4 protein chains.
Amino acid sequence: MTKDEGGACGCAVHMKGARKAVAVDPQIKTSNLKRLRRIEGQIRGLQRMVDEEHYCADILVQISSVQEALRSVGRELMRNHLQHCAAQAISKGNRQEATAMYEELLDLMYRHAR
Amino acid sequence: MTKDEGGACGCAVHMKGARKAVAVDPQIKTSNLKRLRRIEGQIRGLQRMVDEEHYCADILVQISSVQEALRSVGRELMRNHLQHCAAQAISKGNRQEATAMYEELLDLMYRHAR
Amino acid sequence: MTKDEGGACGCAVHMKGARKAVAVDPQIKTSNLKRLRRIEGQIRGLQRMVDEEHYCADILVQISSVQEALRSVGRELMRNHLQHCAAQAISKGNRQEATAMYEELLDLMYRHAR
Amino acid sequence: MTKDEGGACGCAVHMKGARKAVAVDPQIKTSNLKRLRRIEGQIRGLQRMVDEEHYCADILVQISSVQEALRSVGRELMRNHLQHCAAQAISKGNRQEATAMYEELLDLMYRHAR
């Protein structure tokens, strides 16, 4: 295993090609896995609703509920990201690493998290 | 089977408790089922990423991509809803049915479709 | 004055280059003008906050409040649009005019109203 | 003038009741003031459009453009917030101050910045 160039925050390492979080709050991990399994069930429920030709507005409301559930997962991931990865880049990284982290956070907020 | 009171648009009938769309464009149905199966795979991918403690920002970008995919499903459902259910309530329904449909659409747009 | 090509809904006429709504609910118009004047004041308040270098998070919360106020104006405009312009295109227009209206509504919902 | 308890980030001071940012990038300030003056003009344009009963969809598209412009101001404020206020709370503050900043950022992202 070789060291990678580091993530924006310097806290990610390549392992089989995937960047890793150095630290993950076990409580956040457990609750996110639980949420994602529930979301998987909701997606299968949506397939059934579409297949059985349920009333469109009812399906749209259900989609909106899945979107909210995904937002909750995102929020917890962001909490972990700030506490561990961002905090490290900002307090331990050099100026360039800190700036890269600010830009990454701005992108996550304004491009990905609406 | 008894007749129900009708959906907001008068185009939904209760069958085993679920309101149905009177008309569903077969092309929309097929492509939405396909999208939802792909989304189900993406959700399982997210579970794997969380379980393997991938870099938070990478998971957040992937969540954002699932949300966009769900929006596309929603958009197609809304197209079907407008063409069939809303159109019927607006052009064939009485004043009360039309007004109920406008309110339903406003709710879907401003509360559920962001 | 010459007849225009018509809006998507056939309910708009060019007058000095601007498409008009055929019908505007006077109550919606009055309340929207009132809201927009209040929003103008909020924008000037934002200029002051930026100029006096207020705490960034406080300004961000205020921006969010202006955005909600604009959404309320949008919601009322959409109500008027559905009741008058869309209703006319859908119930009185031909197939092509109705389809153009559905596409316009989808665009407003999924591209402009988030 | 008395020292206040500080903002979440410890970088704000009460002056006549308003919390201040300790540091503001002059380029961000100038461009935000310019944007906000342009937005003020757009709001007055919206008042005119509503008053002259322009086509609803045209007004809705214009509202959407103002929303995007406000988002751009928010993005620049958030950049400044991260670089100065958040950075200070995270790297110089104690554990409690850092945690308060993470929660403030999460709130701004998930409640206010959509």
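The following refers to the structure shown.

The rules we used
- Residue numbering note: each chain is counted from 1, following its sequence as written.
- By the order in which they are written, chains take letters starting at A while ligands take numbers starting at 1.
- Note on the predicted model: pLDDT of at least 70 is required for a residue's local features to be given, and 80 or more for side-chain atom pairs to be given and counted; whole-chain, interface and lining totals, by contrast, use all residues.
- Excluded from the side-chain calculations are hydrogens and water; all other atoms, namely the structure's heavy atoms, are used.
- Put simply, DSSP H or I for four residues or longer makes a helix, DSSP E for two residues or longer makes a strand, and each gets a number counted from the N terminus.
- Whether two residues are in contact is decided by their heavy atoms, any of which lying within 4.5 Å being enough.
- We place the copies in one frame by least squares, fitting the C-alpha atoms of every residue whose pLDDT is at least 70 in both.
- Here a helix's expected span is defined as the number of its residues, less one, multiplied by 1.5 Å.
- Salt bridge, as applied in this entry: a Lys or Arg side-chain nitrogen positioned within 4 Å of an Asp or Glu carboxyl oxygen.
- Whenever two N or O atoms come within 3.5 Å, that pair is a polar contact, provided that in protein one can donate a hydrogen and the other can accept it, and provided that, for residues adjacent in sequence, both atoms are side-chain atoms.
- Throughout, the accessible surface (probe 1.4 Å) given up by two parts as they are put together, summed over both, is called the buried area.
- Between N-to-C directions, angles span 0 to 180 degrees; the directions come from axes that are lines fitted to C-alpha atoms, helices contributing only their stretch in contact.
- Our angle categories are set so that under 35 degrees counts as roughly parallel, over 145 as roughly antiparallel, 65 to 115 as roughly perpendicular, and the remainder as oblique.
- It is the rotation of the near helix from the far one that decides the hand of a crossing: anticlockwise by less than a right angle makes it left-handed, clockwise makes it right-handed.
- Each residue receives one of three labels: charged for Asp, Glu, Lys and Arg, nonpolar for Ala, Val, Leu, Ile, Met, Phe, Trp, Tyr, Cys and Pro, and polar for the others, Gly being one of them.
- Think of it in three bands: residues with accessible area under 20% of the maximum for their type are buried, residues over 50% are exposed, and the middle band is partly exposed, with areas taken using a 1.4 Å probe on protein chains only.
- Working definition of a nonpolar core: buried Ala, Val, Leu, Ile, Met, Phe, Trp, Tyr and Cys residues. They are joined through side-chain atoms within 4.5 Å.

## Observations concerning the side chain of E76 of chain D
Inference 1: Position of E76 of chain D among the secondary structure elements: in helix α2 (residues 56-91).
Inference 2: Those residues in contact with E76 of chain D, other than ones at most four positions away along the chain, are I28, N32 and R35 of chain D.

## Details of the relation of the copies chain B and chain A
The operation relating the two chain copies consists of a rotation about an axis and a shift along that axis.
Inference 1: The two copies are related by a screw operation: chain B maps onto chain A through 180° of rotation and 0.0 Å of translation along the axis, at an RMSD of 0.0 Å. In the structure described here, the two chain copies are related by an operation that fits a two-fold rotation axis.
Inference 2: Interface overlap between copies: 100% of the residues of chain B at the interface are likewise at the interface in chain A, consistent with a symmetric, same-surface contact.

## Examining helix α3 (residues 95-112) of chain D
Inference 1: Between the first and last C-alpha of α3 of chain D there are 25 Å, a value that for 18 residues agrees with the 26 Å anticipated at 1.5 Å per step.
Inference 2: Close packing links the buried residues of α3 of chain D with α2 (56-91) and α3 (95-112) of chain A, α2 (56-91) of chain B, α2 (56-91) of chain C together with α2 of chain D.

## Considering the interface of chain B and chain A
How big an interface is tends to be stated in terms of the accessible area lost upon association of its parts.
Inference 1: Taken together, the contact pairs 49 residues of chain B with 50 residues of chain A.
Inference 2: The tally of links between chain B and chain A comes to six salt bridges.
Inference 3: Ionic pairing is found between E40 of chain B and R44 of chain A, a salt bridge with its closest N-O pair at 3.0 Å.
Inference 4: Viewed at the interface, chain A and chain B are joined by 23 residue pairs in polar contact (both at pLDDT 80 or more).
Inference 5: Listed by contribution, the elements that provide at least two residues to the side of chain B that touches chain A are β2 (18-19), α1 (26-51), α2 and α3 (95-112) of chain B.
Inference 6: With 19 residues, the top contributor of residues to the side of chain B that touches chain A is α2 of chain B.

## Concerning the interface of chain D and chain A
Inference 1: Taken together, the contact pairs 20 residues of chain D with 20 residues of chain A.
Inference 2: On the chain D side of the interface with chain A, the three residues burying the most area are R75, M109 and Y110 of chain D, jointly 29% of the side's total.
Inference 3: Taken together, chain D and chain A are joined by four salt bridges.
Inference 4: Residue R75 of chain A pairs with D107 of chain D through a salt bridge whose shortest N-O separation is 3.4 Å.
Inference 5: On the surface where chain D and chain A come into contact, there are eight residue pairs in polar contact (both at pLDDT 80 or more).
Inference 6: Where the side of chain D that touches chain A is concerned, the elements lending two or more residues are α2 and α3 of chain D.

## A closer look at the packing of helix α1 (residues 26-51) of chain C against α2 of chain C
Residues and elements named next belong to chain C.
Inference 1: Relative orientation of the contacting elements α1 and α2 amounts to 165°, with a least axis distance of 10 Å. When the axis of α1 is compared with that of α2, the two are roughly antiparallel. Between α1 and α2 lies a crossing whose hand is left-handed.
Inference 2: The residue makeup of the contact of α1 with α2, split by class, is 14 nonpolar, six polar and four charged.

## Re the environment of Q62 of chain C
Residues and elements named next belong to chain C.
Inference 1: With respect to the helices and strands, Q62 occurs in helix α2.
Inference 2: Here Q62 falls in the partly exposed class, since its relative accessible area comes to 24%.
Inference 3: Spatially, the C-alpha atom of Q62 lies 21 Å from that of S31, the residues being 31 residues apart in sequence.
Inference 4: When residues no more than four places from it in sequence are discounted, the contact partners of Q62 are Q42, L46 and M49.

## Section: unusual backbone geometry
Trans peptide bonds make up most of the peptide bonds, and negative phi angles are found at most residues other than glycine.
Inference 1: Unusually for a residue other than glycine, E53 of chain B sits at a positive phi of about 55°.
Inference 2: Mapped onto the secondary structure, E53 of chain B falls in the loop between α1 and α2.

## Let's talk about the relation of the copies chain D and chain A
Inference 1: Least-squares fitting of chain D to chain A yields an RMSD of 0.0 Å, with the transformation described by 0.0 Å of translation along the axis and a rotation of 180°.
Inference 2: Of the residues that chain D buries at the interface, 100% are likewise interface residues in chain A, meaning the two copies contact each other through the same surface.

## What to know about the nonpolar core
Inference 1: With 136 residues, the main nonpolar core has L70 of chain B together with L70 of chain C as its most contacted residues.
Inference 2: Setting aside residues up to four positions removed in sequence, L70 of chain C forms contacts with L36 and I39 of chain C together with I43, L46, I63, V66, Q67 and L70 of chain D.

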